[in-house]
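Given next are the chains, with one letter for each unit.
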Amino acid sequence: VLDPTLLYDKKDWISMLSLSNSNTNNKYIFLYAYEKDKIFVEAVNSFSEKLGIDVIIVDHDPFIFFNVTRHYKSASPKLFLSLLLNAELIITNTFHGTAFSVNFEKSFYTIIPPSSPNRIISFLSSVDLSDRFISNKNQLNKIYHDQQQDFTEARQKLAKLRNLSLEYLNRALK
């Protein structure tokens with residue numbers, strides 16, 4: 001069964017939380033990480049430099065060791081998902097940052113988390129997006145950010161997984 005956050009699709013989340021999918025000229029990279037290790041910081045600096053756009057982070061840690069335009073120390077679910085929904089690029093090392101990026105069909109990269117990457121690896125593999133997983137600096141140096149990321153196959157695979165999960169839950173709860 002999928003993670004509960006993936007049982008809803010993008011339209012459901014937008015509707016439930018009255019999210020605004022704004023197409024403003026204010027482009028930004030959205031960051032969400034549990035730990036900001038060396039490769040995460042290198043990824044942020046690399047993409048920030050390549051894209052030349054704002055960087056927004058949601059993180060309770062008052063000490064951020066890279067330049068950000070806006071630092072939210074906390075965010076409501078609505079604010080968090082709005083920031084993610086409207087980002088030009090998402091950089092994360094969390095399962096839910098990855099899951100919402102895929103579900104919202106946002107261009108993203110998942111940096112290997114400092115511990116327990118199996119859930120993220122398994123999910124990305126199940127939707128054929130393993131190429132969005134960065135595990136070392138050499139990969140980071142070879143990446144050219146493609147803003148036209150195609151989610152057609154991932155969308156279909158996620159919809160199938162969602163339907164299987166919902167069918168299972170319906171049978172189990174009868």
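Going by the structure above, here's the rest.
Starting from 1, residues in each chain are numbered consecutively following that chain's sequence as written. Per-residue local features are limited, in this predicted model, to residues with pLDDT of at least 70; the limit for side-chain atom pairs, both in listing and counting, is 80 or more; totals at the level of whole chains, interfaces and linings are taken over all residues. No hydrogens and no water enter the side-chain calculation; it runs on all heavy atoms of the structure.

Glancing now at the overall build of the protein. Along the protein, the regular secondary structure elements total seven helices and six strands. Reading the helices (α) and strands (β) of the protein from amino to carboxyl end gives α-β-α-β-β-α-β-α-β-α-β-α-α. On C-alpha atoms alone, the protein measures out to a radius of gyration of 16 Å, which is about the 16 Å that the 2.2 N^0.38 rule sets for 174 residues. On the principal axes, the C-alpha backbone points of the protein span a range of 50 × 35 × 30 Å. The rule is simple: take the accessible area with a 1.4 Å probe, protein chains only, and divide by the maximum for that residue type; under 20% is buried, over 50% is exposed, in between is partly exposed. Counting all 174 residues of the protein, 45% fall into the buried class. The criterion used for residue contact is that any of the two residues' heavy atoms lie within 4.5 Å. Put simply, of all contacts in the protein between residues at least 6 apart along the chain, 63% involve residues at least 24 apart. The method behind every accessible area is Shrake-Rupley, applied with a 1.4 Å probe, and residues are considered shielded solely by the protein chains displayed. A total accessible area of about 9,700 Å² is found for the protein, and carbon and sulfur atoms account for 49% of it. Counting from the N terminus, the helices are DSSP H or I runs at least four residues long and the strands are E runs at least two residues long. To get the radius of gyration, use the C-alpha atoms; to get the globule rule, take the number of residues to the power 0.38 and multiply by 2.2 Å.

Moving on: the packing of aromatic side chains. Within 6.5 Å between ring centres, the rings of Phe, Tyr and Trp (the latter by its six-membered ring) count as paired, and their orientation is classed by plane angle as stacked under 30 degrees, edge-to-face over 60, tilted in between. For the structure on display, the rule yields nine aromatic pairs. Geometrically, the ring pair formed by Tyr32 and Phe80 is edge-to-face, given 4.8 Å between the ring centres and 65° between the ring planes. Taken together, the residues span a long stretch of sequence, with Tyr32 in strand β1 (residues 28–32) and Phe80 in helix α3 (residues 77–85) at a distance of 48 residues. Centroid distance Phe100 to Phe104: 5.6 Å. Interplanar angle 65°. Geometry classified as edge-to-face. By relative accessible area, Phe104 is classed as buried at 0%. Joined through ring pairs, the aromatic side chains of Tyr8, Trp13, Phe100 and Phe104 make up one cluster. Placement of a charge over a ring requires the Lys NZ or Arg CZ to be within 6 Å of the ring centre, with the centre-to-atom vector within 35 degrees of the ring normal. Here the guanidinium or amino end of Arg119 rests over the ring plane of Phe95, the centre of that ring lying 3.8 Å away. Its guanidinium or amino end placed over the ring of Tyr109, Arg132 lies 4.2 Å from that ring's centre, counting from NZ or CZ.

Before going further, it helps to examine the nonpolar core. What makes a nonpolar core is a set of buried Ala, Val, Leu, Ile, Met, Phe, Trp, Tyr and Cys residues whose side-chain atoms join them at distances within 4.5 Å. Counting residues in hydrophobic clusters, the biggest one holds 33 residues, and the most contacted among them are Phe30, Val102, Phe104, Phe123 and Leu129. For this core, the secondary structure elements donating two or more residues are β1, β2 (54–58), α3, α4 (95–103), α5 (118–126) and α7 (152–172). Not counting the four nearest positions on each side in its chain, Phe104 is found in contact with Lys10, Trp13, Leu19, Leu81, Leu84 and Leu85. Membership of the second largest hydrophobic core comes to 21 residues, among which are Ile64, Ile91, Leu140 and Ile143.

On to the sheet that holds strand β4 (residues 89–92), then. Strand pairing is assigned whenever DSSP identifies at least 2 bridges connecting the two strands. On the basis of which strands lie adjacent, the open sheet formed by six strands has the order β3-β2-β1-β4-β5-β6 and parallel pairing. Among the strands making up the open sheet, the edge pair consists of β3 (70–72) and β6 (133–134). With respect to the sheet, α3 is in contact with β1, β2, β3 and β4, its orientation differing from that of β1 by roughly 135°. Axis lines are fitted to C-alpha atoms, over the contacting stretch for helices. Their N-to-C directions set the angle, which ranges from 0 to 180 degrees.

Moving on to α5. Of all the residues in α5, the buried ones are Ile120, Phe123 and Leu124. The buried residues of α5 occupy one face: seen down the axis, they fall within an arc of 95°. In the core, the buried residues of α5 are packed alongside α4, β5 (108–111), β6 and α7. The positive-phi residue at the C-terminal boundary of α5 is Asp128, with phi of around 55°. By definition, the arc is the one covered by directions from the helix axis to the C-beta atoms.

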